[in-house]
Amino acid sequence: MKCYTTSSQGIAKKGVEYVVDCHIGEHLELRDIAHLRELVESALRRALAIEEPGTLLFESNEPIGASYMLYKFNLKFKESLYVGVRVVVRGRRPTRILFTVPRGVRIRVKTPISKYEPAIQQPTPQISATKAAHPPGQVYISYPVIYSILGVPEVDASKWYLSVEGEVNEPLKLTLRDLYELGIKVVKTDFHCVTGWSVGGLEFAGVEVKKLFEIAGLKPSAKWLFAESLDGYTTIMPIEDALSENSIVAVEMNGKPLDILHGYPARLVVPHLYGWKSAKWVKRLVATSEYRDGYWEALGYHARGRVDLEERFKQD
Ligand SMILES: Nc1nc2c(c(=O)[nH]1)N[C@H]1C(S)=C(S)[C@@H](COP(=O)(O)O)O[C@H]1N2
Ligand SMILES: [Mo]
């Protein structure tokens with residue numbers, strides 16, 4: 001078992017100081033809930049130095065797509081201190097155990113802290129149009145479920161601008177009007193959430209991410225696109241996915257300016273990746289040379305998140 005420690009600004013907003021993510025390397029078959037508890041307890045002993053014994057309370061299990069189950073526990077200490085526990089199980093195989101450690105809990109990390117290095121197949125396999133038509137493990141619904149894990153931010157569109165920065169020659173600051181003046185592309189696409197729902201035939205309109213980075217002058221050292229939103233939400237994807245032809249900074253959905261709940265004034269839309277990569281209320285697009293976890297990536301979700309390859313959780 002290999003563990004690494006991570007954090008992310010959005011997670012901090014939820015009171016979580018850091019996440020310890022343990023990758024169960026060996027191939028195990030889950031027998032029952034008692035087995036699951038044993039695994040959590042052994043991961044705990046390995047990864048964290050806890051001064052007092054806690055009680056492991058089962059909270060819930062939720063299916064993620066058709067092949068994953070996410071089990072949640074709370075490790076309760078005296079008073080009201082909890083360490084959150086998430087176990088990712090694919091089929092019957094437990095693959096990761098994550099501990100979300102809140103601020104103020106005196107817990108040391110025991111395992112050597114190694115940085116997560118995503119092993120992503122390069123170059124990215126071609127997106128298959130036929131496969132993408134009905135991606136594995138998805139169920140179609142009629143309208144996208146609205147998510148705002150960190151709340152809906154207050155937006156003053158007259159003060160808002162998009163910052164394009166990082167590994168570029170000329171950082172950009174673009175107002176909403178600037179974006180319109182760059183030329184708007186309409187992208188008709190299905191949209192897929194990692195939790196298993198898809199919506200067909202949405203129409204987004206916005207500026208190609210590729211165009212923005214062409215203007216800014218992307219440096220060859222850029223390997224990742226890290227996106228930051230007004231609410232503190234963050235996400236990351238390989239730069240080549242961000243630059244793919246249908247990736248846009250959308251300002252409209254179905255022929256109207258984005259609704260505030262869908263990310264007004266602007267959001268990313270990267271249709272071939274799961275929805276969590278399509279950051280709403282986007283504020284900064286940062287080209288980086290190094291990988292770092294965004295909000296959901298810090299909770300075990302995939303560094304790339306290709307829908308047709310079912311990249312829901314980190315596998316490496
Ligand atoms: N800022 C921000 N962006 C976000 C999210 C969020 O909670 N906050 N949720 C993500 C997830 S998980 C999905 S599936 C889509 C959902 O988009 P919608 O709320 O417009 O349906 O937004 C993504 N972008
Ligand atoms: Mo999602």
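All values derive from a computational prediction rather than experimental measurement. (Residues numbered from 1 in each chain as written. Chains lettered and ligands numbered in written order. Predicted model: local features only at pLDDT ≥ 70, side-chain atom pairs only at ≥ 80, totals over all residues. Heavy atoms only, no water.)

This brings us to the site of ligand 1. Residues in close proximity to ligand 1 total 20 residues, the closest being Val145, Asp231, His262, Arg267 and Lys280. Separating a nitrogen atom of ligand 1 from a side-chain N or O atom of aspartate 231 is a distance of 2.8 Å. Between ligand 1 and the protein, one listed contact pairs a nitrogen atom with a backbone N or O atom of serine 278 at 3.0 Å. Isolated, ligand 1 exposes 530 Å² of accessible area, and the fraction of that covered by the protein chains is 97%. Tallied by class, residues from the shell around ligand 1 come to 12 nonpolar, 5 polar and 3 charged. (Near = heavy atom within 4 Å. Polar contact = N/O pair within 3.5 Å; in protein donor to acceptor, adjacent residues only side chain to side chain. Areas by Shrake-Rupley, 256 points an atom, 1.4 Å probe, with all protein chains shown as cover. Nonpolar A, V, L, I, M, F, W, Y, C, P; charged D, E, K, R; others polar.)

With that out of the way, let us pick up the nonpolar core. Ranked by internal contacts, the top residues of the largest apolar core, which has 60 residues, are Leu162, Leu179, Leu212, Val249 and Leu285. In this structure, Ile24, Val40, Leu48 and Phe99 belong to the second largest nonpolar core, which totals 28 residues. (Core = buried A, V, L, I, M, F, W, Y, C linked by side-chain atoms within 4.5 Å. Buried < 20%, exposed > 50% of the residue type's maximum accessible area, 1.4 Å probe, protein only.)

Moving on, we get to the environment of tyrosine 161. One can find tyrosine 161 in the loop between β9 (139-141) and β10 (162-166). Along the chain, tyrosine 161 and leucine 176 lie 15 residues apart, while their C-alpha atoms are 6.6 Å from each other. Tyrosine 161 has contacts with Lys173, Leu174, Thr175 and Lys283, leaving out every residue within four places of it along the chain. (Helix = DSSP H or I, 4+ residues; strand = E, 2+ residues; numbered from the N terminus. Contact = heavy atoms within 4.5 Å.)

Time to look at the packing of aromatic side chains. For the coordinates displayed, the defined rule picks out 14 aromatic pairs. Summarising the aromatic geometry, the rings of tyrosine 4 and tyrosine 116 are spaced 5.4 Å apart at their centres and angled 25 degrees between planes, so their arrangement reads as stacked. Taken together, the residues tyrosine 4 in strand β1 (residues 2-6) and tyrosine 116 in the loop between β8 (107-109) and α3 (129-133) connect sequence positions 112 residues apart. Note on tyrosine 4: relative accessible area 5%, which makes it buried. Geometrically, the ring pair formed by tyrosine 116 and tyrosine 291 is edge-to-face, given 5.5 Å between the ring centres and 65 degrees between the ring planes. (Phe/Tyr/Trp six-rings, centres within 6.5 Å; stacked < 30°, edge-to-face > 60°.)

At the junction of tyrosine 264 and proline 265, the peptide bond is cis and its omega measures out at 10 degrees in the coordinates. Residue position: proline 265 is located in the loop between β17 (256-257) and β18 (267-269). Unusually for a residue other than glycine, asparagine 254 sits at a positive phi of about 50 degrees. The residue asparagine 254 is located in the loop between β16 (248-253) and β17 in this model. Of note, the phi angle at tryptophan 281 is positive, near 50 degrees, even though the residue is not glycine. Along the chain, tryptophan 281 turns up in the loop between β18 and β19 (282-288). Judged by relative accessible area, which is 2%, tryptophan 281 ranks as buried.

What follows concerns the state of the cysteines. Taken as a whole, this structure holds 1 disulfide when the rule is applied. Each disulfide pairs two cysteine sulfurs, and for cysteine 3 the partner residue is cysteine 22, the sulfurs being separated by 2.2 Å. The sign of the S-S torsion, about 105 degrees, decides the handedness of the disulfide formed by cysteine 3 and cysteine 22: right-handed. With cysteine 3 in strand β1 and cysteine 22 in strand β2 (residues 16-23), the pair connects residues that are 19 residues apart, well separated along the chain. Each of the two residues, cysteine 3 as well as cysteine 22, counts as buried. (Disulfide = S-S within 2.5 Å.)

Of all 10 residues in strand β7 (residues 93-102), 9 are buried; the element is thus mostly enclosed. Alignment of β2 against β7, held across 7 bridges, turns out to be antiparallel. The residue bridging valine 20 from the neighbouring strand is phenylalanine 99, located in β7. Between strand β6 (residues 82-90) and β7, which pair antiparallel in sequence order, lie 2 residues; one of them, glycine 91, sits at a positive phi of approximately 60 degrees. (Pairing = 2+ DSSP bridges.)

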